[in-house]
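# Structure at a glance
Okay, here's what each chain looks like letter by letter:
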Amino acid sequence: MRHCTLIGLLLCTLSATAAAAGERPPADLGSAVREIFAAKCVQCHAATLARPKGKFGYVLDLPRIASNPKMVVKSDPAHSKLWEVINAGDMPPDDAKAGPLADSQKLAIRAWIEAGAPAPRAAPRPTAESAAVDASMEQMVEPDSDARPASLVARLMQWIGKLHVLVVHFPIALTAAAAGLESWRMFRKSAGISPVVRFCIFFGAAGAVVAAALGWIHAPFSGYATGTAGALRLHRWAGVAAAIGAVIAAALSEADAHRGRRTMMFRVALFATALLTGAAGHLGGSLVYGDDFLRW
Ligand code: HEC
């Protein structure tokens, strides 16, 4: 409990300090360009597409584009493929739903490369789709924030949300370990309580709750909210279901421990949780690496 207070205090101090230092930075070319790409390119180059066109599925990940010399030669638009295809009018193609780029948009992209292709400073704006998925997030990222830097809270949330990709590994491994060991014990026809299973599902559940909460925070900043929201929604609810399942399994596990023997209820809950966790993890992987990331 004392730790929570400490962390809360720390967060408050952090936000206060940074708010004080939060002067308005010069034009944020990175964010401007990302908005242009979000409007004009995601139809074919979104990370959520199973097969992004031209194997270029990270149009909203500007740091990644900038660090790929085949796309962008920093400060040198003439030798940047990205600028070549835009300048030649090849991208977006004539059949693009969002239409061609305005001259001012082309100039912004060129200026961005000339400026050394800086990373966006603002958090991505939620699109209509992602806003529908999670209206509550709108309060954190004001929809009309392109002129202003993203609020400190938004940036803090963005950073905290990133921990999602780190934390998810714990519930995945712990519930899988619990399910694996419990299967072995069923095979051995043992009705006793394994302290290892009890440990794994307890901390697996704790990890699952934290991971789900962090995932919720991460979603609007992840870039996957743009384009197809379907994949994100599926991943989100699979994750939430896995966390709920894990908590139920952990509660049953503790009840069993009091009783002194394993119940079928616990086992059903545990295996369901392990399956859900695997599904949520797989959907998350597909979100980031594409549907075919497990293809041989
Ligand atoms: C209607 C679909 C569509 C839209 C919209 C679209 N592209 Fe493309 N893009 C393609 C296709 C198809 C290819 C592959 C062309 C090829 O390989 O000949 C491609 C290839 C590219 C490539 C080359 C990738 C590589 O490594 O060879 C770049 C860069 C690119 N697009 C940038 C953009 C940008 C920037 C936008 C938005 C301003 C955009 N595209 C919008 C369909 C699209």
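It should be emphasised that the depicted structure is a prediction, and the values quoted were computed from it without experimental measurement.

## Some points on the coordination of the iron atom of the ligand
Think of it this way: four donors in a tetrahedron around the metal ideally sit 109.5 degrees apart, and six in an octahedron ideally sit 90 or 180 degrees apart. Here the iron atom of the ligand is held by His45 (NE2) and Met91 (SD), and the distances to it run 2.0 to 2.2 Å. Assessed through its relative accessible area of 11%, histidine 45 is described here as buried.

## A word on the environment of proline 77
Take proline 77: it is sitting in the loop between helix 4 (62–66) and helix 5 (81–87). Looking at proline 77, the relative accessible area reads 6%, which means it is buried. What proline 77 contacts, discounting residues up to four positions off in sequence, is Trp83, Arg110, Ile113 and Glu114.

## What about the nonpolar core?
Counting residues in hydrophobic clusters, the biggest one holds 24 residues, and the most contacted among them are Phe37, Ile65, Val72, Leu82 and Trp112. Secondary-structure elements contributing two or more residues to this core are helix 2 (29–40), helix 4, helix 5 and helix 6 (103–114). Ranked by residues supplied to this core, first place goes to helix 6 with four residues. What tryptophan 112 contacts, discounting residues up to four positions off in sequence, is Leu29, Gly30, Val33, Leu62, Ile65, Val72, Leu82, Ala117 and Pro118. If you look at the next biggest cluster of nonpolar residues, it comprises 15 residues, including Ala205, Ala208, Ala246 and Ala250.

## Digging into the site of the ligand
In the vicinity of the ligand, 20 residues are found, and the nearest of them are Cys41, Cys44, His45, Lys81 and Met91. Between the ligand and lysine 81 there is a distance of 2.9 Å, counted from an oxygen atom to a side-chain nitrogen or oxygen. Among the secondary structure elements, those contributing two or more residues to the shell around the ligand are helix 2, helix 3 (42–45) and helix 5. By residue number, the principal contributor to the shell around the ligand is helix 5, which donates four residues.

## As for helix 11 (residues 195–218)
In a regular helix each residue adds 1.5 Å, so 24 residues correspond to 34 Å; helix 11 covers 34 Å between its end C-alpha atoms and thus fits that length. Put simply, serine 194 is the residue that caps the front of helix 11, since its side-chain oxygen is 3.1 Å from the backbone nitrogen of valine 196.

## Remarks on the confidence of the model for the protein
Per-residue confidence for the protein gives a mean pLDDT of 82, with 80% of residues at or over 70. Here helix 1 (residues 2–21) stands out as the least confident element of the protein, with mean pLDDT 44; helix 10 (residues 169–187) is the most confident, with 96. Confidence over residues 6–25 falls short of pLDDT 50; this stretch has eight contacts with residues more than four positions distant or in other chains. Contacts from residues 131–148, a stretch scored under 50 in pLDDT, to residues over four places away or in other chains number 25 contacts.

Criteria and cut-off values
- Residues numbered from 1 in each chain as written.
- Predicted model: local features only at pLDDT ≥ 70, side-chain atom pairs only at ≥ 80, totals over all residues.
- Heavy atoms only, no water.
- Donors = N, O, S within 2.8 Å, 3.2 Å for Na, K, Ca; no water.
- Buried < 20%, exposed > 50% of the residue type's maximum accessible area, 1.4 Å probe, protein only.
- Helix = DSSP H or I, 4+ residues; strand = E, 2+ residues; numbered from the N terminus.
- Contact = heavy atoms within 4.5 Å.
- Core = buried A, V, L, I, M, F, W, Y, C linked by side-chain atoms within 4.5 Å.
- Near = heavy atom within 4 Å.
- Polar contact = N/O pair within 3.5 Å; in protein donor to acceptor, adjacent residues only side chain to side chain.
- Expected span 1.5 Å × (residues − 1).
- pLDDT = per-residue confidence, 0-100.

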